Amino acid sequence: MTVRLRVSGDPDEIEVMVKVLGVVFDLTGSGRLYPNHGSTGVRVYLTARVPWAGERETPRRGGGSE
């Protein structure tokens, strides 16, 4: 399972957030910072993959046990 992310804010805070997200997710992306249009700060685009997504059983709908 992969999800595309856009992280926006202060460059130093983005750096910290990417490190925190990297603990849980496999992150890819250029790491290039782009200036925000119409507001302060910058943004970066990432792709996050859950490393165990293919290894765990998908939960069944309905919440009941069988």
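Remember, predicted model here, so these are calculated numbers, not experimental data.

Novice: Account for the overall build of the protein chain, with residues named and values stated.
Specialist: Scanning the protein chain from terminus to terminus reveals one helix and four strands. Residues counted as buried form 17% of the 66 residues belonging to the protein chain. In the protein chain, once contacts between residues fewer than 6 apart in sequence are set aside, the share between residues at least 24 apart is 55%. Put simply, the protein chain shows about 5500 Å² of open surface, and 53% of that area lies on carbon and sulfur atoms.

Novice: Go over a nonpolar patch on the surface with me, naming the residues and quoting the values.
Specialist: Nonpolar side chains collect at one region of the surface, where Val16, Met17 and Val20 lie side by side and expose about 260 Å² of accessible area between them. Of note, Met17 is situated in helix 1 (residues 11-24).

How each quantity is defined
Residues numbered from 1 in each chain as written. Predicted model: local features only at pLDDT ≥ 70, side-chain atom pairs only at ≥ 80, totals over all residues. Heavy atoms only, no water. Helix = DSSP H or I, 4+ residues; strand = E, 2+ residues; numbered from the N terminus. Buried < 20%, exposed > 50% of the residue type's maximum accessible area, 1.4 Å probe, protein only. Contact = heavy atoms within 4.5 Å. Areas by Shrake-Rupley, 256 points an atom, 1.4 Å probe, with all protein chains shown as cover. Patch = residues over 30% accessible without salt bridge, like charges linked within 9 Å, V, L, I, M, F, W, Y side chains within 5 Å. Salt bridge = Lys/Arg side-chain N within 4 Å of Asp/Glu carboxyl O.

Fair warning: the whole summary comes from geometry, so function is off the table for now.
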